[in-house]
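Okay, here's what each chain looks like letter by letter:
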Amino acid sequence: MTAEFRSQSLPPPKTDEGTVPTPQRMRHAMGTFASGVTVVTGTGWDGAPVGFACQSFASVSLEPALVLFCADHRGRAWPKIRESGRFTVNILAAEQTDMCARFGSSKGLKYEGLRWELSRWGTPSLPGVLTRVHADVHDVHAAGDHDVVVGRVLALEPVADREPMLFFRGGFGVGSPATAVTAPDVWGWGDHWGGRWG
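In this report, we go over the structure that sits alongside the text. (Residues numbered from 1 in each chain as written. Predicted model: local features only at pLDDT ≥ 70, side-chain atom pairs only at ≥ 80, totals over all residues. Heavy atoms only, no water.)

## Here we look at the sheet that holds strand β4 (residues 57-61)
Test applied: A pair of strands is considered paired only if DSSP assigns at least 2 bridges between the two. Each helix is a run of DSSP H or I of at least 4 residues and each strand a run of E of at least 2, with the numbering of both proceeding from the N terminus. Only the stretch in contact is used when fitting a helix axis, every axis being a line fitted to C-alpha atoms; angles between N-to-C directions are given from 0 to 180 degrees.
The strand order across the open sheet built from 7 strands is β3-β2-β6-β9-β10-β5-β4, with neighbouring strands paired in antiparallel fashion. Edge positions in the open sheet fall to β3 (49-54) and β4, since each of these has one partner strand only. With direction set aside, neighbouring strand axes in the sheet form an average angle of 35 degrees. Inspection of the sheet shows strand β5 (residues 66-72) paired to strand β10 (residues 146-158) by 7 bridges, in the antiparallel sense. Bridging across to β10, Leu 68 finds its partner in Val 150.

Encoded structure:
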């Protein structure tokens, strides 16, 4: 019996307006889950570098080595990366808030004035990150307004051994809201991250 079938056979619970998963409540509730921050990079059909900040990233399998990230259907970067079939996940260090803002904003050029290199896998490698995960697009599943992208890992490239960047309750770090570094206004859980503005 599948989970979908079981849920359809259960009686519906009483409606509680305070727990309806509206976009605002989803943003607030999911913001209580501290996550790392990455920048997913790739190239378009014309060879131009693209990328977007992404907090929805995880390991899926060790054998075979698979990872996943989520990307907004309406993004500019993700369709180009999907077409090329290859990407790099750059895992950010705690002090790389400028890098995070650069790739999380809809304004300005992502790579202008940035010292980056083209990896031997043909994807942009960002400087000073903790690790780079180079992967091919293995599978894509549509899920609401996002795609769940499964990548087959080609190589793992450790770069630096420093504290990771963490995103929690709309800011960087897991201190109290008063002490956390607030993320730029363009950063909202699930709105801009994951490729919509990439």
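## Some thoughts on the nonpolar core
Looking at soluble globular proteins, one finds that nonpolar side chains tend to be buried together. Filter applied, for reference: For our purposes a nonpolar core is just a set of buried Ala, Val, Leu, Ile, Met, Phe, Trp, Tyr and Cys residues, chained together by side-chain atoms within 4.5 Å. Type-normalised accessible area, obtained with a 1.4 Å probe on protein chains alone, sets the label of each residue: buried when under 20%, exposed when over 50%, and partly exposed for intermediate values. Contacts are assigned to residue pairs with any non-hydrogen atoms lying within 4.5 Å of each other.
In this structure, Val 40, Phe 52, Phe 69, Trp 78, Ile 81 and Phe 87 are the most contacted members of the largest nonpolar core, which totals 16 residues. Sequence-distant contacts of Trp 78, defined by excluding residues within four places in its chain, comprise Phe 52, Phe 69, Ala 71, Asp 72, Val 137, Val 140, Asp 147 and Val 149.

## Some points on the packing of aromatic side chains
Keep this limit in mind: Paired rings are identified among Phe, Tyr and Trp, the last through its six-membered ring, by centres lying within 6.5 Å, and are further divided according to the angle between planes into stacked (under 30 degrees), edge-to-face (over 60) and tilted (the rest).
According to the stated counting rule, one finds 5 aromatic pairs in the structure shown. When the centroid spacing of 5.0 Å and the interplanar angle of 80 degrees are considered together, the rings of Phe 69 and Phe 87 count as edge-to-face. Highlighted residues: Phe 69 in strand β5 and Phe 87 in strand β6 (residues 86-91), separated in sequence by 18 residues. Judged by its relative accessible area of 0%, Phe 69 falls in the buried class. With a relative accessible area of 0%, Phe 87 lands in the buried category. Ring pairing ties together the aromatic residues Phe 52, Phe 69, Trp 78 and Phe 87, which thus form one cluster.

Interpretation note: all reported values are geometric properties and have no functional meaning in isolation.
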